[in-house]
Amino acid sequence: GAVVSQHPSRVICKSGTSVKIECRSLDFQATTMFWYRQFPKQSLMLMATSNEGSKATYEQGVEKDKFLINHASLTLSTLTVTSAHPEDSSFYICSASPSGSHMNTEAFFGQGTRLTVV
Amino acid sequence: AQTVTQSQPEMSVQEAETVTLSCTYDTSESDYYLFWYKQPPSRQMILVIRQEAYKQQNATENRFSVNFQKAAKSFSLKISDSQLGDAAMYFCAYDGGATNKLIFGTGTLLAVQP
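Here's what I pulled together on the structure shown here. (Residues numbered from 1 in each chain as written. Chains lettered and ligands numbered in written order. Predicted model: local features only at pLDDT ≥ 70, side-chain atom pairs only at ≥ 80, totals over all residues. Heavy atoms only, no water.)

**What about the overall build of chain B?**
- If you tally the helices and strands in chain B, you get zero helices and 12 strands.
- Principal-axis analysis of the C-alpha atoms places the extent of chain B at approximately 45 × 25 × 20 Å.
- Each of the 114 residues in chain B was classed as buried or not, and the buried ones make up 47%.
- In chain B, of all internal contacts separated by at least 6 residues, the share reaching a separation of at least 24 is 55%. (Helix = DSSP H or I, 4+ residues; strand = E, 2+ residues; numbered from the N terminus. Buried < 20%, exposed > 50% of the residue type's maximum accessible area, 1.4 Å probe, protein only. Contact = heavy atoms within 4.5 Å.)

**Details of the interface of chain A and chain B**
- Residue-level contacts link 20 residues of chain A with 18 residues of chain B.
- In this assembly, chain A packs against chain B so that about 1700 Å² is buried in total across both faces, 53% of it on carbon and sulfur atoms.
- If you look at where chain A meets chain B, you find one salt bridge.
- Measuring nitrogen to oxygen at the nearest pair gives 2.7 Å for the salt bridge that ties B:Lys101 to A:Glu59.
- Our enumeration of links across chain A and chain B arrives at six residue pairs in polar contact (both at pLDDT 80 or more).
- Here the side of chain A that touches chain B gets three residues from one element, more than from any other, and that element is strand β4 (residues 32-38) of chain A. (Buried area = accessible area lost by both parts, 1.4 Å probe. Salt bridge = Lys/Arg side-chain N within 4 Å of Asp/Glu carboxyl O. Polar contact = N/O pair within 3.5 Å; in protein donor to acceptor, adjacent residues only side chain to side chain.)

**Some words on the packing of aromatic side chains**
- Going through the model one piece at a time under the given rule, you end up with 15 aromatic pairs over all chains.
- Here a set of aromatic residues connected by ring pairs shows up, and it is made of A:Tyr36, A:Phe109, B:Tyr33, B:Phe35, B:Tyr37, B:Phe91 and B:Phe104.
- A cation sits over an aromatic face here: B:Arg43 above A:Phe91, 4.0 Å from the ring centre. (Phe/Tyr/Trp six-rings, centres within 6.5 Å; stacked < 30°, edge-to-face > 60°. Lys NZ or Arg CZ within 6 Å of the ring centre and 35° of its normal.)

**Focus: the state of the cysteines**
- By the definition in use, this model includes two disulfides over all chains.
- A:Cys23 shares a disulfide with A:Cys94; S-S distance 2.0 Å. Residues A:Cys23 and A:Cys94 are joined through a disulfide that is right-handed, its torsion about the S-S bond being 80 degrees. Taken together, the residues span a long stretch of sequence, with A:Cys23 in strand β3 (residues 19-25) and A:Cys94 in strand β9 (residues 90-96) at a distance of 71 residues.
- On the basis of relative accessibility, which here comes to 0%, the residue A:Cys23 falls in the buried class.
- By relative accessible area, A:Cys94 is classed as buried at 0%.
- Here B:Cys23 is linked by a disulfide to B:Cys92, with a sulfur-sulfur distance of 2.0 Å. Disulfide B:Cys23 to B:Cys92: torsion about the S-S bond roughly -70 degrees, handedness left-handed. (Disulfide = S-S within 2.5 Å.)

**Looking at the pattern of salt bridges**
Residue and element names in this part refer to chain B.
- If you walk through the whole model with that rule in mind, you get six salt bridges over all chains.
- The residue lysine 73 makes a salt bridge to aspartate 26 at a minimum N-O spacing of 3.6 Å. Note that lysine 73 is positioned in the loop between β8 (64-69) and β9 (74-79) and aspartate 26 in strand β4 (residues 24-26), a separation of 47 residues in sequence.
- Classification of aspartate 26 by relative accessible area gives partly exposed; the value is 39%.

**Considering the sheet that holds strand β7 (residues 67-73) of chain A**
Residue and element names in this part refer to chain A.
- An order of β1-β3-β8-β7 is seen for the four strands of this open sheet, with the pairing classed as antiparallel. Two strands bound the open sheet, and with one partner strand each, they are β1 (4-7) and β7. Across the sheet, the mean angle from the axis of one strand to that of its neighbour is 15 degrees, orientation sign disregarded.
- Where β3 lies against strand β8 (residues 76-81), six bridges are found, and the strand directions are antiparallel. The residue of β8 that forms the bridge with arginine 24 is leucine 76. (Pairing = 2+ DSSP bridges. Axes fitted to C-alpha atoms, helices over the stretch in contact; angles between N-to-C directions.)

As structure tokens, this is what we get:
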């Protein structure tokens, strides 16, 4: 099956610094990728939809300036958490679907990134 | 707005037995997709099974099957011959054709007893 690689799998950063998380589709092109956040023992909450070559679409309540998304190619989307604070500590997951398919009928998820801000 | 409800925070089943996980949803759309995802301790999301709303036939994937009741807006997952590897968090998810966004339920933590 298709593979989505997310990097890093774990990251610890100091409060006030920025962290970049990469999401790559390894064997298919993805016009659209999705970024989710998952708190401990909770469900996945969609943060934003990343569109190749255009601005991301953010869900209500998600700060655009804090969670910068760039989708510069058909195989890579990045999420940058800027000026991170301890409350940003969470598990971040991306998903991608092959271009041309219905978005989520063939969604493949990355392995997730555990962010800890100290 | 669409919502997905999983009323069973935790479930337990004996190895080789059958267990059913419940999911209900609310939508005004007629065309949509429903999914069950498995999230083991590794946190990797794995698609278990999906169902297109326009299909009356219940989807099956080996030991996994669903009971899709469109009128009742119910989408339960049945796991037959449970195995230790089935232990995980299971999420029910909805995707409306208009939004192309996955909406997840709160999850059911399934334990499999040897």
